[in-house]
Structures are given as C-alpha cells and as structure tokens.
Amino acid sequence: MKHIKSDSRRFPKSGSVSLVGAGPGDPDLITVRGANALSHADVVVYDRLVNPELLKMTRDGSEHIYVGKRAGKPSVSQDQINRILLSKALEGKFVVRLKGGDPFVFGRGGEECEALSGAGIRYEVVPGISSALAAPAFAGIPVTHRKLARSFTVITGHTIRGEDDAEVLRSAGESDTLIILMGLKNLEEIARRLIGFGRAPDTPAAVVERASYLNQRTVVGTLSTIGERAEGMESPATIIISPLAAMANDLSWFDQEETTEVEASPQLKSKIVG
C-alpha cells in the first residue's frame, strides 16, 4: 500500500490521487490543504454537492470531470468513478477527487482508497467539514451540551426500509443527539419509527436545508411534527433530533428569516425558522 507523505510543505506528485473534502457548501470552508491540492491538480473529479465556485481554484488547463449522483436519475456508477481515478493517475496525472463534506463520512472514500491501494496508486485523504457538524453549527444547534446532551450519532437515512436498517435506527435513536444525512425523503418514516422505538413525540427536531449557503433554511418542530413542517424542503438537508434542536432560533447567527412560535420542551422554548 502506497501513500503520499503527509507534509504541508510539499504537494502530491504526478500519478497520484488526493481525496479532498470540499466541506458543506460555502467555498471558504475548504481546508488550506484542500485548496492547495486543487491549485495543483491536473484533473478534478467532483461530486454533485460540491460548490462549483471551488473549481475556480484550479489552474488553467486542468480537466474537470463531473460524476455526481442523484437518486432516481442516470448517474456515474462507483465502479466507473474508480476506473476514472485509476486511469487518470496511471497517465501520470495528479488527480483531485473532490467530494462534498468529508470523504469518509458517507462519501464512499473508503471504497475509492481500496481501489487505489489495490492498483498501487499513491493517494492521500484531506479531511473536510461534514454537513453532519456544519449544518447544526450554522443553524445554532450544538450537537453536545454539558447539561443536556453528552453523545451524538450520525447515520444515513437514505435506506431506512428493512429490518436491518430499523435496528440501526433503534440503536442510533438512543443517542442524545441524532444527526441524519440523506434522510429527507424518508423523514416521516424515520420519525414514526423513532417514536415507536420509545423516543418521545415531543422531542425537538430540526431540518437544515443547504447548510452554509446564503439561501440556507432551517425548520424546527418536534419528532411528531417535523415531517409536516419540513414539507417542500429539498436536498441537501440535514436532520437533527435532540433536545438541543429547539435552540436553533435562540442561538442562530446565520439565518435571517422571519420566525413563528413552535412547541418545544419547557426548558428550551424556541421558534420555527424559515
């Protein structure tokens, strides 16, 4: 297995791949290492959730290949993406695989590293800010709080269907703060199951749409009402289920929308945003 030496004073060489986390959306949230990698890339292979503004950081003449996936739409398969990374690196090029959020948080970065390692291609991983942390932060929702929440769990809500997924949801639902990515389509089913597993129906819940973008929108309700309140919202969206979700308006520093009252636990009375 070959890896690029981690040293901020040097850049990856030709014939290698850098898996770079692009962050949640705002281009300012990419790391310095990630921006440097983009500025040296011969090829950039990028996802649907990557802000196109980041491509302006690349040098003239670099090749940009879009491989975004969208549910229910024709898209490039993971095997095809792996082959693109391998073929470009084997041509002697420095390839940046630009992925929304963090490469290893539901981003299939591990699968791509396995393919690169198996082919003897040098690679590095540049962590990014996952929306699992950025969305709550931009909505004013702490994921932990010394008095109210000492644990948080992040899961994908994309495949909440069968019994295996139900067991994952049951276990995750025991965490003080539950953060769900890619779950907007299944939000009502997720809420129904969590209530069935014993989570209180009046547990505060929030959905953050397009976190860190100027048109970010946050909706706050309870586990029993969040599905209805989030109707019409679109992906990318992050779901937060926690007593802390009710703090969204009180601690909000980014949203500028009007607010209306919403039911919440007595100690954390809050508002709907959006």
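Here is a short report on the structure shown in this document. (Residues numbered from 1 in each chain as written. Predicted model: local features only at pLDDT ≥ 70, side-chain atom pairs only at ≥ 80, totals over all residues. Heavy atoms only, no water.)

**Looking at the sheet that holds strand β2 (residues 43-46)**
Logical step 1: The parallel open sheet is built from 5 strands, whose spatial order is β3-β2-β4-β1-β5. Each of the sheet's edge strands pairs with one partner strand only, and the pair in question is β3 (63-66) and β5 (122-126). Taken over all neighbouring pairs, the strand axes of this sheet differ in orientation by 20° on average, direction set aside.
Logical step 2: Note that strand β1 (residues 16-21) and β5 share 5 bridges and pair parallel. Its bridge partner lying in β5, serine 18 is registered against glutamate 124.
Logical step 3: Sheet contacts for helix α1 (residues 32-40): β1, β2, β4 (94-99) and β5; angle to β4, the most-contacted strand, approximately 135°.
Logical step 4: Where helix α2 (residues 78-90) meets the sheet, it contacts β1, β2, β3 and β4, and its direction lies at approximately 155° from that of β4. (Pairing = 2+ DSSP bridges. Helix = DSSP H or I, 4+ residues; strand = E, 2+ residues; numbered from the N terminus. Axes fitted to C-alpha atoms, helices over the stretch in contact; angles between N-to-C directions. Contact = heavy atoms within 4.5 Å.)

**Things to note about the sheet that holds strand β8 (residues 204-209)**
Logical step 1: Strand order in the open sheet made by the 5 strands is β6-β7-β10-β8-β9, with mixed pairing throughout. One side of each edge strand has no neighbouring strand; the edge strands of this open sheet are β6 (152-156) and β9 (217-222). With direction set aside, neighbouring strand axes in the sheet form an average angle of 20°.
Logical step 2: Two elements, β6 and strand β7 (residues 177-181), share 5 bridges in a ladder whose sense is parallel. Bridge pairing in β7 places valine 154 opposite isoleucine 179.

**Some details on helix α4 (residues 131-138)**
Logical step 1: Those residues of α4 not exposed but buried are Ala132, Ala134, Ala135, Pro136 and Phe138.
Logical step 2: Looking at the buried residues of α4, the elements they touch are β6, β7, β8 and β10 (237-241).
Logical step 3: Residue serine 130 occupies the N-cap position of α4, its side-chain oxygen lying 3.0 Å from the main-chain nitrogen of alanine 132.
Logical step 4: Backbone geometry just after α4 places glycine 140 at a positive phi near 80°. (Buried < 20%, exposed > 50% of the residue type's maximum accessible area, 1.4 Å probe, protein only. Polar contact = N/O pair within 3.5 Å; in protein donor to acceptor, adjacent residues only side chain to side chain.)

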